[in-house]
Amino acid sequence: MKVRGLQQQLANSGYLLPSQRDVLSRLLFQLAFNDFSRLAIIGASGSGKSTLALALAELFSEAEEISVNVAMLQAPIAEALLASQLGKQWFATSDLTEQNLLQRLQNVDADTRYILITDNPELLSTEQYAWILSLPVTLFVFTTQADSQMQLNLTIPGLTLADCEQLLQAEQLDPLALAERFANCQNNLHKLISPAPARTARAARKPVVSRPKAPLIAASVGAALIVLFILTSWLNSTPSADQAKPVAEMAIVPIPQEQSATASPETIGATSQSALIDLSNDARMPELAEAEAEVEAEPEPAIVAMPSNAENIKAAVIDEAKTVVAEPTVATTLNNVQPLPAKLLQESVLTPEPEVKREQDTPKVHQHGALLATPAQHFVVQIAVLSSENALSRFKRNYPKLSIQVYQRSWQGRGQWVIVSQSFASNIAAKQYVQQLPSALSSAGPFIKSVGAVQQEIKAWQRLQLAQSSQDN
């Protein structure tokens, strides 16, 4: 089947999720190289089967390269309405019986391909399903289980974080809330769009029946007694307001002003001793003994014992004033610094620290900037999709003269490197480029893709990287 035009239509569709677009792209790739007439697309409930069925019907309805007549069947359906609905969609008449419809399909023009897309065929009866399989048409069924009667069973992959970002873009969720919503949906689109209500809302619908529970009452009484005991102990151990006031008054020692640095040693010594005496002689608060021990343990200049020599006392007081009160000048600091050894100084100055190579310094193999700057209405030709950088390196070695661009995207949780051509302003120029490709590449099925679709995949990949970085941090 000629699918190049269908692939281009799929690349330009903006309403599909990235994973859904990949499923249809894989399906069209199989149709390009295989003449299948019975195909099954398998997915669980909420995986998006109905959306994919509608998207596939729309692609075939707008096909230009081939003549296609599409009918879509939504199960369940009554036995008498099955043939009439298909006849109305294919031949614009609802008066055909099952036998008449079968004969008419056998006599249609060979150049026109008749396609039947069936959603939820498991809801059909056994006779209905057997009759559908007997029709001489190309049959696509979107079901929950694989069918051995089908020539191809294609599985729908699970949702990705890029799908979640695109689907919930209007809610403007932060990365953490988006990741939590994605984890709770369990690959179900219905749960992702409409999360389950809170438990309190479900509990409100149930009638509340009060039943006495003896163990629960006993536990509540025990907890109340424990809380009462803790409150009583805390109130007994808390000092009264009359006791707290003297403690605050005796514990506060005024800090000497800047001019105290020039006071005489006798005055400073007397002030410090009087402060210590007031604190140690407080007979009204025995608990101050512990606070006094802590004050004496701190190496403050006012508490250090004074030497007996008067000259040493004066020198100590002046040094203490320079160190604690006055701000040191540059000259004083330089005089107190001991010079470093010449060898150590040379190593500290000349030996650079090893530079840690960050991940951002590694060269990038993609051209995201150029592609994002290209007008969205331009076109590129998608040449290949690779799964590793080694494969990308081999491709560049095999085709060194081929002018290409590379961008990264995420598919089923794995990174991919997509090789595209340079951008073209028109679709005609892109088609001429496809005809000039080497035979090995042109036979692989390259197709034209809008730059806007490429930019959507790049932005989805960038948002995924940002979300993963936020989770790691």
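As a starting point, this report considers the structure included with it. These numbers come from a predicted model, not from an experiment.

What counts and how
Residues numbered from 1 in each chain as written. Predicted model: local features only at pLDDT ≥ 70, side-chain atom pairs only at ≥ 80, totals over all residues. Heavy atoms only, no water. Helix = DSSP H or I, 4+ residues; strand = E, 2+ residues; numbered from the N terminus. Buried < 20%, exposed > 50% of the residue type's maximum accessible area, 1.4 Å probe, protein only. Contact = heavy atoms within 4.5 Å. Phe/Tyr/Trp six-rings, centres within 6.5 Å; stacked < 30°, edge-to-face > 60°. Lys NZ or Arg CZ within 6 Å of the ring centre and 35° of its normal. Arc of directions from axis to C-beta. Salt bridge = Lys/Arg side-chain N within 4 Å of Asp/Glu carboxyl O. Pairing = 2+ DSSP bridges. Axes fitted to C-alpha atoms, helices over the stretch in contact; angles between N-to-C directions. Patch = residues over 30% accessible without salt bridge, like charges linked within 9 Å, V, L, I, M, F, W, Y side chains within 5 Å. Areas by Shrake-Rupley, 256 points an atom, 1.4 Å probe, with all protein chains shown as cover. Core = buried A, V, L, I, M, F, W, Y, C linked by side-chain atoms within 4.5 Å.

## Some details on the overall build of the protein chain
Okay, step 1: Secondary structure assignment for the protein chain yields 22 helices and nine strands.
Okay, step 2: Residues counted as buried form 35% of the 473 residues belonging to the protein chain.
Okay, step 3: Looking at the protein chain alone, contacts between residues at least 24 apart form 70% of all its contacts between residues at least 6 apart.

## What to know about the packing of aromatic side chains
Okay, step 1: Overall, the coordinates contain six aromatic pairs when judged by the stated rule.
Okay, step 2: A centroid spacing of 5.1 Å and a plane angle of 45° characterise the contact between F395 and Y399, whose relative ring orientation is tilted.
Okay, step 3: Using a relative accessible area of 23% as the deciding quantity, one classes Y399 as partly exposed.
Okay, step 4: Each residue in the set W90, F91 and Y114 is aromatic and connected to the rest through ring pairs, giving one cluster.
Okay, step 5: Its end group placed over the ring of F91, R104 keeps NZ or CZ at 4.6 Å from the ring centre.

## Re helix α5 (residues 98-106)
In an α-helix, one turn spans 3.6 residues, which is why side chains three or four residues apart end up on the same side.
Okay, step 1: Those residues of α5 lying buried are L101, L102 and L105. Buried residues of α5, viewed axially, fall in a sector of 100°; they line one side.
Okay, step 2: For α5, the elements touching its buried residues are α4 (82-91), β3 (112-119) and α6 (126-133).

## Some thoughts on the pattern of salt bridges
Okay, step 1: A complete count under the given rule lists four salt bridges for this structure.
Okay, step 2: A salt bridge links R463 to E165; its shortest N-O distance comes to 2.8 Å. Taken as a pair, R463 in helix α22 (residues 451-472) and E165 in helix α7 (residues 161-167) lie far apart in primary sequence, 298 residues in all.
Okay, step 3: Residue class for R463 comes out partly exposed when judged on its relative accessible area of 35%.
Okay, step 4: A residue is classified by how much of its surface remains accessible, and E165, at 8% relative accessible area, is buried.
Okay, step 5: Across the salt bridge formed by K449 and E457, the nearest N and O atoms sit 3.3 Å from each other.
Okay, step 6: Where salt bridges share partners, they join R409, K449 and E457 into one cluster.

## Re the sheet that holds strand β9 (residues 447-450)
Okay, step 1: Here we have four strands laid out as an open sheet, ordered β7-β8-β6-β9, and antiparallel in their pairing. Of all strands in the sheet, those bounded by a partner on one side alone are β7 (404-411) and β9. Neighbour-to-neighbour, the strand axes of this sheet turn through a mean angle of 45°, independent of strand direction.
Okay, step 2: The pairing of β7 with strand β8 (residues 414-421) spans eight bridges and is classified as antiparallel. Paired with Q405 across the two strands is V420, which belongs to β8.
Okay, step 3: Across the sheet, α22 touches β6 (379-386), β7 and β9, and the angle it forms with β7 is around 55°.

## Brief notes about a nonpolar patch on the surface
Okay, step 1: The grouping of I217, V221 and L225 at the surface amounts to a nonpolar patch, some 290 Å² of accessible area in total.
Okay, step 2: Within the element layout of this structure, I217 appears in helix α11 (residues 214-237).

## What about α4?
Okay, step 1: For α4, the buried fraction is high: seven of the 10 residues fall into the buried class.
Okay, step 2: Residues L82, A83, S84, L86, G87, W90 and F91 constitute the buried set of α4.
Okay, step 3: Looking at the buried side of α4, the elements it contacts are β2 (67-74), α5, β3 and α6.
Okay, step 4: Looking one or two residues beyond α4, the residue adopting positive phi is A92, at roughly 60°.

## A look at the nonpolar core
Okay, step 1: Membership of the largest hydrophobic core comes to 29 residues, with the highest contact counts inside it found for L24, L27, L56, F60, I117, F140 and F142.
Okay, step 2: Those elements that provide at least two residues to this core are α1 (4-12), α2 (18-33), β1 (38-42), α3 (49-61), β3, β4 (138-143) and β5 (152-155).
Okay, step 3: When residues of this core are assigned to their parent elements, the largest contribution, seven residues, is made by α3.
Okay, step 4: If near-sequence neighbours (up to four positions away) are discounted, I117 is found in contact with A53, L56, A57, V70, A71, M72, L73, F140 and F142.
Okay, step 5: Grouped together as the second largest cluster of nonpolar side chains are 26 residues, L105, I132, L135 and L139 included.

## A closer look at unusual backbone geometry
Okay, step 1: Note the cis peptide between A75 and P76, where omega equals 5°.
Okay, step 2: For P76, the position within the fold is in the loop between β2 and α4.
Okay, step 3: The phi dihedral of A92 falls on the positive side, at around 60°, and the residue is not glycine.
Okay, step 4: Following the sequence through the fold, A92 ends up in the loop between α4 and α5.
Okay, step 5: Here N120, not a glycine, exhibits a phi torsion of approximately 60°, which is positive.
Okay, step 6: The topology assignment puts N120 in the loop between β3 and α6.

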